[in-house]
Amino acid sequence: MTLSAIILTRDEWNHGFLKECIESAAPISDEIVIVDSSGRDSVLVDEFFHDERITCYVKKWKDQYSYTDSRNYGIDKATGDYVLNLDADEILGEKKYLIKEKCREGNFDVCSLVGVHFIGDLSRVDATVDKHIWTNRLIARALRYPANKMHGLPSGTSPTMIDTPLIFHLGYVKGMLSY
């Protein structure tokens, strides 16, 4: 079973984590599809990454539903059996190999992933909830996210979860890196 990672970007290079996001997904991905809503990130990705597995597409955002439209656009461009959906401010942790193992098992339609939100800096974890669950972030490529939803989630016939923190959300950590 093959795995495509889809990464949505929107002027993310300036925020400092797109490079780390790509580097964290590359070891387990057969391809990486970047859907760039601004047209600026894909130019920088091409400049810094010389990996034939990475393709960049520009799809402009129109409104608040463009998030889901961009995800589905990336799925349409992907070729893997399974698709891992990431935002450019998320990185995969050291146990990311569990995602690839789950894909090799091949007995699910949708899989939720556990993660951590950092706040302010990398020493402060959001402790307002016991467990952050990224619902249905690993899906069979045949599925689509429902239209006209900000963060629409596909429903699957055999949902599952990897119960180990895999995604680290850095979006609330500002000014940590600069390229």
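In the block above lies the structure referred to throughout.
Since this is a predicted model, take the numbers as computed values, not measurements.

1. Quick word on helix α2 (residues 41-48)
Turning to α2, its buried residues number three or more, namely Asp 41, Ser 42 and Val 45. For α2, the buried positions fall inside an angular range of 95° around the axis, keeping them on one side. Where the residues of α2 are buried, they touch β1 (3-9), α1 (18-25), β2 (31-36) and β3 (54-58).

2. Some thoughts on the pairing of β3
The pairing of β2 with β3 spans five bridges and is classified as parallel. Directly across from Ile 32, in β3, lies its bridge partner Ile 54. In this view, the connection linking β2 to its parallel neighbour β3 by way of α2 has right-handed handedness.

3. A closer look at the nonpolar core
Residues Ile 7, Ile 22, Ile 32, Leu 84, Ile 99 and Leu 138 are the most contacted members of the largest nonpolar core, which totals 30 residues. Of all the secondary-structure elements, those providing two or more residues to this core are β1, α1, β2, β4 (82-87), α4 (97-105), β6 (110-119), β7 (132-140) and β8 (159-172). For Leu 84, the contacting residues outside a window of four places in its chain are Leu 3, Ser 4, Ala 5, Ile 6, Ile 28, Leu 92, Ile 99, Leu 113, Arg 137 and Leu 138. Leu 8, Val 35, Ile 75 and Tyr 145 belong to the second largest nonpolar core, which has eleven residues in total.

4. Re the pairing of β1
Burial within β1 is extensive, with seven of its seven residues counted as buried. Where burial is concerned, the two faces of β1 agree: the one with Leu 3, Ala 5, Ile 7 and Thr 9 and the one with Ser 4, Ile 6 and Leu 8 are both buried. Relative to β4, β1 is paired through six bridges, and the arrangement is parallel. Residue pairing for β4: Ala 5 is matched across the bridge by Leu 84. Where β1 lies against β2, six bridges are found, and the strand directions are parallel. The residue bridging Ile 7 from the neighbouring strand is Ile 34, located in β2.

5. A short note on helix α3 (residues 66-77)
Given 3.6 residues per helical turn, the α-helix brings residues three or four places apart onto the same face. With twelve residues, α3 should cover 16 Å at 1.5 Å per step; its first-to-last C-alpha distance of 16 Å lies within 8% of that length. For α3, the complete set of buried residues consists of Ser 66, Tyr 67, Thr 68, Ser 70, Arg 71, Asn 72, Gly 74 and Ile 75. Buried residues along α3 sit against β1, β2, β4 and β7.

6. What about the packing of aromatic side chains?
Considering all chains together, one arrives at two aromatic pairs under this definition. With a centroid separation of 6.1 Å and an interplanar angle of 85°, the aromatic rings of Tyr 57 and Tyr 73 are classed as edge-to-face. With a gap of 16 residues between them, Tyr 57 in strand β3 and Tyr 73 in helix α3 connect regions that are remote in the sequence. Residue classification places Tyr 57 among the partly exposed positions, given a relative accessible area of 24%. On the basis of an interplanar angle of 20° and a centroid distance of 4.4 Å, the ring pair of Tyr 82 and Phe 108 is categorised as stacked. Here Tyr 82, found in strand β4, pairs with Phe 108, found in the loop between α4 and β6; they are 26 residues apart in sequence, far enough to count as distant. Neither Tyr 82 nor Phe 108 differs from the other in exposure class; each is buried.

7. Re the side chain of Thr 9
If you trace the backbone, Thr 9 turns up in strand β1. Among the residues examined, Thr 9 registers a relative accessible area of 2% and is labelled buried. In contact with Thr 9, not counting residues within four places along its chain, are Leu 18, Ile 34, Val 35, Asp 36, Ser 37, Asp 41 and Ala 88.

The rules behind the values
- Residues numbered from 1 in each chain as written.
- Predicted model: local features only at pLDDT ≥ 70, side-chain atom pairs only at ≥ 80, totals over all residues.
- Heavy atoms only, no water.
- Buried < 20%, exposed > 50% of the residue type's maximum accessible area, 1.4 Å probe, protein only.
- Helix = DSSP H or I, 4+ residues; strand = E, 2+ residues; numbered from the N terminus.
- Arc of directions from axis to C-beta.
- Contact = heavy atoms within 4.5 Å.
- Pairing = 2+ DSSP bridges.
- Right-handed = clockwise from strand over helix to strand, strands pointing away.
- Core = buried A, V, L, I, M, F, W, Y, C linked by side-chain atoms within 4.5 Å.
- Expected span 1.5 Å × (residues − 1).
- Phe/Tyr/Trp six-rings, centres within 6.5 Å; stacked < 30°, edge-to-face > 60°.

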